[in-house]
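Coordinate analysis (summary)
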Amino acid sequence: MPEGPSVRKFQLLTSPFVGQVVAKVGGSSRKINVNDLNALRLQDSQVHGKNLYLAFVAAEGPSGPTAEEMVQQKEAAPVQGGQEQVCAPHPHPQDEELQEHQYSKSEAPDAAEGPGNWLRFHFGLFGSVRANEFSRANRANKRGDWKDPVPRLILHFESGGFLAFYNCRMHWCSSPRADPASDILSMEFHRGQALDALCAPNPICYTLLDQRYFSGLGNIIKNEILYLAKIHPLTQGSLLAPSDLERLLDCALQFSSDWLHHKLRGQGLHLQIYQREQCPLGHPVMKGTFGPLGGFKRLTWWCPQCQPEVL
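Before going into details, it helps to say that this report is about the structure given with it. (Residues numbered from 1 in each chain as written. Predicted model: local features only at pLDDT ≥ 70, side-chain atom pairs only at ≥ 80, totals over all residues. Heavy atoms only, no water.)

**Some words on the packing of helix α5 (residues 219–228) against helix α6 (residues 242–264)**
Where α5 contacts α6, the two axes come as close as 9 Å, and the packing angle between them is 130°. Considered as vectors, α5 and α6 are oriented oblique to each other. The crossing of α5 and α6 is right-handed. For the pair formed by α5 and α6, the contact residues are Ile220, Ile221, Glu224, Ile225, Leu226 and Leu228 on the first element and Leu248, Cys251, Ala252, Phe255, Ser256 and Trp259 on the second. (Axes fitted to C-alpha atoms, helices over the stretch in contact; angles between N-to-C directions. Helix = DSSP H or I, 4+ residues; strand = E, 2+ residues; numbered from the N terminus. Parallel < 35°, antiparallel > 145°, perpendicular 65-115°, else oblique. Left-handed = near helix turned anticlockwise from the far one by under 90°. Contact = heavy atoms within 4.5 Å.)

**Some remarks on the sheet that holds strand β6 (residues 162–173)**
With antiparallel pairing, six strands are arranged side by side in an open sheet as β1-β5-β6-β4-β3-β2. Every other strand in the sheet has two partners, leaving β1 (22–26) and β2 (40–48) as the edge strands with one partner each. When the angles between neighbouring strand axes are averaged without regard to direction, this sheet yields 40°. Bridge count for strand β4 (residues 118–131) against β6 is ten bridges, and the pairing is antiparallel. Bridge assignment links Val129 to a residue of β6, and that residue is Phe165. The strands touched by helix α1 (residues 4–14) within the sheet are β2, β3 (51–58), β4 and β6, with β4 carrying the most contacts at an inclination of about 115°. (Pairing = 2+ DSSP bridges.)

**Considering the pattern of salt bridges**
As enumerated under the stated definition, the model contains seven salt bridges in all. Here Glu133 and Arg130 are joined by a salt bridge, their closest N and O atoms 3.6 Å apart. As a salt-bridge pair, Glu246 and Arg191 come within 2.8 Å of each other at their nearest N and O atoms. In this pair, Glu246 is assigned in helix α6 and Arg191 in helix α3 (residues 191–198), connecting sequence segments 55 residues apart. By relative accessible area, which is 28% here, Arg191 ends up partly exposed. Each of the salt bridges in this network shares a partner with another, and the network as a whole consists of Arg191, Glu246 and Asp250. (Salt bridge = Lys/Arg side-chain N within 4 Å of Asp/Glu carboxyl O. Buried < 20%, exposed > 50% of the residue type's maximum accessible area, 1.4 Å probe, protein only.)

**What to know about the nonpolar core**
The biggest cluster of nonpolar side chains holds 40 residues, and the ones touching the most others in it are Leu198, Ile204, Phe214, Leu217, Ile225 and Leu248. The set of elements that each furnish at least two residues to this core consists of α3, α4 (204–208), α5, α6 and β8 (298–302). The leading source of residues in this core is α6, at eight residues. Ignoring sequence-local partners within four residues, the contact set of Leu198 consists of Ile204, Thr207, Leu208, Phe214, Gly237, Ser238, Leu245 and Leu248. Within the second largest apolar cluster, 25 residues are counted, among which are Val7, Leu52, Phe56 and Phe123. (Core = buried A, V, L, I, M, F, W, Y, C linked by side-chain atoms within 4.5 Å.)

**Brief notes about the packing of aromatic side chains**
By convention here, two paired aromatic rings are described through the distance between centres and the angle between planes. Per the counting criterion, the structure on display carries nine aromatic pairs. When the centroid spacing of 6.4 Å and the interplanar angle of 15° are considered together, the rings of Phe121 and Phe123 count as stacked. When sorted by exposure, Phe121 lands in the same class as Phe123, which is buried. Centre to centre, the rings of Phe134 and Phe162 are 4.7 Å apart; their planes meet at 25°, and the pair counts as stacked. Note that Phe134 is positioned in the loop between β4 and β5 (153–157) and Phe162 in strand β6, a separation of 28 residues in sequence. Its relative accessible area of 29% is what places Phe134 among the partly exposed residues. (Phe/Tyr/Trp six-rings, centres within 6.5 Å; stacked < 30°, edge-to-face > 60°.)

If you want it as structure tokens, here you go:
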């Protein structure tokens, strides 16, 4: 599953199409009627954690302000109430991502909200967004065929450009389900809330993947930052010193920002522990599958010498 930095890049690919009208649609999705998007105007594009949200309105009506424009209007006007909760882009902004095909409980679809004008995208393994190009097969499938991936959705715009969405779940919702305070790439990320969550008496590798507190943080980030902070993945958060938790959080924010920065520059990211047989110091790496009782299990890599277990 693409993690926060990848989905934020997807959002940046969709941004140039905001304000344009959908001229033609295609795709293999059976979850939504793709024809409903015909002749609609793409009004806004937002990213929250691992989810991408696109807002559509009738093309003949006024396009209305985007979320960014509403924030600018709010900042220009006298403050009379609460602040608009909008996930602002991080200043900084390969790909084997977390192999997960189901939602976690903290990422459940917004079914209770009912239909709306926001289309929510949640990406699966190798899910992606392409702008003005299609994804091409880079290897043969299990049958030995070189078949290009089939987009779940294709949006052709009146300008002549198009967006193609691959391996994603889509559903309509009334508004983005988001808390910028938990988004690791948001300027509104709440450090104190995150530290409180890390102090819980649970294995630290479970807490890091809890999207209620670390939205956008996935399995690659989890493995890398635990190695960088020299913390064993099964260490109870309550056993770690405050300075260790602070360092772990620093690693999470810096690694996520660096990964996004590399993606936006088209550069790969050197991983130190994820899917490695040896750590950078040459020690053998252990591999296990960990997850909460009754929850999802994730592959975890760690170095027993660099990340000693805390009992």
